[in-house]
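One letter stands for each residue in the lines below.
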Amino acid sequence: MRTMSRSYCAVAALGCAVLVCARQLAGQTIRIDTDGIAGVVTGPNGPEAGVWVIAETHDLPTKFVRIVVTDDRGRYLVPDLPKATYAVWVRGYGLVDSPKVQAAPGRVVNLTAAPAPNRRAAAEYYPAGYWFSLMHVPDKSEFTATAAASDPNGMSPNVKSQAEWLRIIKSGGCWSCHQLGSKGTREIPPSLGPFPSSAVAWERRLQSGQAGVQMMGTLSQLGAQRALAMFADWTDRIAAGEVPGPPPRPRGVERNVVITEWDWADPKAYLHDEVSTDRRHPTANANGSIYGSLELSADYLPVLEPARNDASRVPLTVRDPGTAPAAGSQLAQPSPYWGSEVIWTSKANVHNPMFDERGRVWLTATVRPSDNPDFCKAGSSHPSARLFPLARSGRQLAVYDPTNRKLTHISTCFSTHHLMFAEDANRTLWTSGGGPAVGWLNTRLFDQTGDEEKSQGWTALILDANGNGKRDTYVEPDQPVDPGKDKRISAGLYAVAPAPDGSIWGTSLGFPGAVVRLNPGPNPPETALAELYELPLDKSGRPVEGFSPRGGDVDRDGVYWTALASGHLASFDRRKCTGPLNGPTATGQHCPEGWTFYPEPLPQLQGVTTPGSAEASYYTWVDQFGVLGLGANVPINTGNGSEGLLVLKDGKWIVLRVPYPLGFYTKWMDGRIDDPDGGWKGRGLWATVSTRAPFHMEGGKGTTSKVLHFQLRPDPLAR
């Protein structure tokens, strides 16, 4: 088939409208298979570059969506669609959604973009973080000790700086569960009823549902009256017509993305994480099932079979039927979405799944009430209990074997939160969430013996404060450094990541926060020693740039990467430290030179003049093996405000935004290679919608969590 050139189209313009010519051009230059839909998107001024084309069907066992981006000539190709009838439409910045066109694979479907009639209509499609950036936080001057103590506006005296305030409202509090800036949060739901002021309305909405008590606790941390005034000012200005500036349209490699979505779980449940493969071997479980974790909400594992476009469930149980539901049933006020219904009922409280080399799914899961068995406590002969006894644990472990559909409970003395396998002969499963202790399970020994007591261990976090290179008697966290002893720290791990050299890394939450490196030594827990690296502070105790990490991950070179509440991705490279890594001065602020900061690509909040952005990424995952196709050791943030994955490549951001449904918010991702020889089609990243409030997303009540597959083509028209 002959291809028209641009010059021919220009010559023919006298007898052919530009719009028609663009459609003819697209129809003759896009190669399409029988399972693809392709065409060109045009607007009043010609082809629309960098807009999304969305294809959605309800004909498959679970709802299926595939999204692509137009190239610089407005052309698009949605590849490899299952046989079904699709609704196809255009979404993009500066536009409103185009009318949906019914189409089947194998057709050329040219689409007409619909320009937004005004700035407000255009802004309805912007990610939540852009709306959040309109919030005007308290000025730095409001955080002096004198001002806080005497402030009649309700500033909390316990929050000493604007940075600490930002930590609480972002990844230390509100944003750790859901977005601020989504349509469900930037507007007051009419169903709440009439109120004398927006501040009163905000107080009522924060009391809603099973999370109401927790949200009011966060409000108290901020200083209730001052925070309510801020929220009210924000929503009042938005109601009066204030809108954020527009985000940039996708460009460069961002236009090569193919995003696939499947529905799973149910509208009352929310996801925390998913897993697709063994982190150590990303070719494991090729083309296999994806498993999710529902945390507080429901006692089943959602399962997706991507090859069949089918979602199912694996029931979860607890060992002790006396285990109470994790979320509780107390409602301060009814929910505007669910009324007085208790929608979160999970006892297992599964938080984080991880595949092993045998295809089993390991889980941080509650299996019993929190009081520990005797072997964990003082007086026990267990090697870990002799050194650091533990009386209680809030969450333990479980493992599900898909081959026999068996769920095995494992009672651990230490609490668990996240988990990850080390690359060692014992296939050690390391966990976070143990507070002052870090715990592990020797899965090789557990498989051989089934003995959960002998297979587990834990250690306190001990700094080598006397600098002799070995673990000695120590002083407690509230005691001063003793030059003749080591020192225990209370900086528990939130994230956990074994490094190739055998060390274990993790984040310690709080302000300014820190990363911890644990060297287990030859005989943990007796030999385990920790190193603490805090976010750098200046002489006045203010952050040098970034502060307060959340989730993090280590690369193959031992560099640790973490998302910060300040709106940064940060790296910490221990090799850059110029001073001693242990001894009496190595207590946190001893290696500022190891840190590098990368502001995330969102506007900054109003009233904040320090570096960073309004972004509040929950976690950082490192693509150690180059699964996405951009090379090895590429760090990726969850981009919760940006509603996409934020990829840092060569110091520059690549934003893989999810435009539909609005409200994408994830807490984890992983990468799997289904076919090492399959090019872009044989690999990709997997994530899930993880907000605790899926009913805040586009679609409202009834919206379920999604599984998402991110793939990068060599160009926007690659088949």
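Quick caveat: nothing in here was measured; it's all calculated off a predicted structure. (Residues numbered from 1 in each chain as written. Predicted model: local features only at pLDDT ≥ 70, side-chain atom pairs only at ≥ 80, totals over all residues. Heavy atoms only, no water.)

Quick word on the overall build of the chain
Assigned secondary structure in the chain consists of 13 helices and 41 strands. At 26 Å, the chain has a C-alpha radius of gyration in line with the 27 Å of a compact globule built from 719 residues. For the chain, the C-alpha atoms occupy an extent of roughly 90 × 65 × 55 Å along the three principal directions. Taken across its 719 residues, the chain has 61% of its residues classed as buried. Partitioning the intrachain contacts of the chain with sequence separation of at least 6 by distance along the chain shows that 62% fall at a separation of at least 24. As displayed, the chain has an accessible area near 26200 Å², and 52% of this comes from carbon and sulfur atoms. Once the 71 positive and 71 negative side-chain charges of the chain are each reduced to a mean point, those two points are 4 Å apart. (Helix = DSSP H or I, 4+ residues; strand = E, 2+ residues; numbered from the N terminus. Rg over C-alpha atoms; globule rule 2.2 N^0.38 Å. Buried < 20%, exposed > 50% of the residue type's maximum accessible area, 1.4 Å probe, protein only. Contact = heavy atoms within 4.5 Å. Areas by Shrake-Rupley, 256 points an atom, 1.4 Å probe, with all protein chains shown as cover. Lys, Arg positive; Asp, Glu negative; His and termini not counted. Charge placed at Lys NZ, Arg CZ, Asp CG, Glu CD.)

Quick look at the state of the cysteines
Scanning the model with the defined rule gives two disulfides in all. Across the disulfide from Cys577 sits Cys591; the S-S distance is 2.1 Å. What sets the handedness of the Cys577 and Cys591 disulfide is the S-S torsion sign, and at about -100° it is left-handed. With Cys577 in the loop between strand 33 (568-572) and strand 34 (595-599) and Cys591 in the loop between strand 33 and strand 34, the pair connects residues that are 14 residues apart, well separated along the chain. You can see Cys174 has no disulfide; the closest cysteine sulfur is in Cys177, sitting 8.5 Å from it. On the basis of relative accessibility, which here comes to 15%, the residue Cys174 falls in the buried class. Owing to a relative accessible area of 11%, Cys177 belongs among the buried residues under this scheme. (Disulfide = S-S within 2.5 Å.)

Let's talk about the sheet that holds strand 36 (residues 634-637)
Read across the sheet, four strands follow the order 35-36-37-38 without closing on themselves; strand pairing throughout is antiparallel. Edge positions in the sheet fall to strand 35 (620-623) and strand 38 (652-657), since each of these pairs with one other strand and no more. Going across the sheet, the axis of each strand differs from the next one's by a mean of 25°, ignoring polarity. Of the pairings in the sheet, the one linking strand 36 to strand 37 (residues 644-649) comprises two bridges and is antiparallel in character. Note on strand 37: the bridge partner recorded for Asn637 is Leu646. (Pairing = 2+ DSSP bridges. Axes fitted to C-alpha atoms, helices over the stretch in contact; angles between N-to-C directions.)

Details of the sheet that holds strand 6 (residues 86-91)
Pairing in this open sheet of eight strands is antiparallel, and the strands run 8-6-3-4-12-41-40-39 from one edge to the other. This sheet does not close on itself; its edge strands, each paired only once, are strand 8 (101-103) and strand 39 (669-673). Taking the axes of each pair of neighbouring strands and ignoring which way they run, one obtains an average angle of 25° across the sheet. Alignment of strand 40 (residues 683-688) against strand 41 (residues 706-712), held across four bridges, turns out to be antiparallel. Note on strand 41: the bridge partner recorded for Thr688 is Val707.

Examining the packing of aromatic side chains
Scanning all chains against the criterion turns up 30 aromatic pairs. Here a set of aromatic residues connected by ring pairs shows up, and it is made of Trp505, Tyr533, Tyr560, Phe572, Trp595 and Phe597. One cation-aromatic arrangement involves Arg186 over Trp131; the distance from NZ or CZ to the ring centre is 4.0 Å. Between the NZ or CZ atom of Arg205 and the centre of the ring of Trp202, over which it lies, the distance is 4.5 Å. (Phe/Tyr/Trp six-rings, centres within 6.5 Å; stacked < 30°, edge-to-face > 60°. Lys NZ or Arg CZ within 6 Å of the ring centre and 35° of its normal.)

Things to note about the pairing of strand 31 (residues 549-554)
Where burial is concerned, most of strand 31 is hidden: six out of the six residues are buried. Where strand 31 meets strand 32 (residues 560-564), four bridges bridge the pair, whose relative direction is antiparallel. Bridged to Pro549 within strand 32 is Leu564. A loop of five residues connects strand 31 with strand 32, the two strands running antiparallel in sequence, and Gly558 in this loop sits at a positive phi of about 85°.

Observations concerning the environment of Ala122
Among the structural elements, Ala122 can be located in helix 3 (residues 119-123). Not counting chain neighbours up to four residues away, the residues in contact with Ala122 comprise Gly94, Leu95 and Ala116.

Observations concerning helix 9 (residues 212-222)
Of the residues making up helix 9, those classed as buried are Gly212, Thr218, Leu219 and Leu222. The arc that holds the buried residues of helix 9, viewed along the axis, is 120°, so those residues lie on one side. Turning to helix 9, the residues buried within the fold contact helix 6 (162-169), helix 8 (198-206) and helix 10 (224-239). Of the residues one or two after helix 9, Gly223 is the one with positive phi, at around 100°. (Arc of directions from axis to C-beta.)

Here's the deal with the environment of Thr431
Considering the arrangement of structural elements, one finds Thr431 in strand 22 (residues 428-431). Separated by 155 residues in the primary sequence, Thr431 and Ser276 have C-alpha atoms spaced 19 Å apart. If we skip the residues at most four places from it in the chain, Thr431 touches Leu397, Phe414, Ser415, Thr416, His418, Leu419, Val438, Gly439 and Val496.

Quick look at the nonpolar core
In this structure, Trp165, Phe231 and Phe710 are the most contacted members of the largest nonpolar core, which totals 119 residues. Sorting elements by how many residues they give to this core places helix 10 first, with six residues. Dropping the residues within four chain positions of it, Phe710 is found in contact with Val258, Ile259, Leu628, Leu645, Leu656, Val658, Phe664, Gly684, Leu685 and Ala687. Counting 34 residues, the second-largest nonpolar core is a separate cluster that includes Val53, Leu95, Ala269 and Ile290. (Core = buried A, V, L, I, M, F, W, Y, C linked by side-chain atoms within 4.5 Å.)

Any functional reading would require information that these geometric values do not contain.
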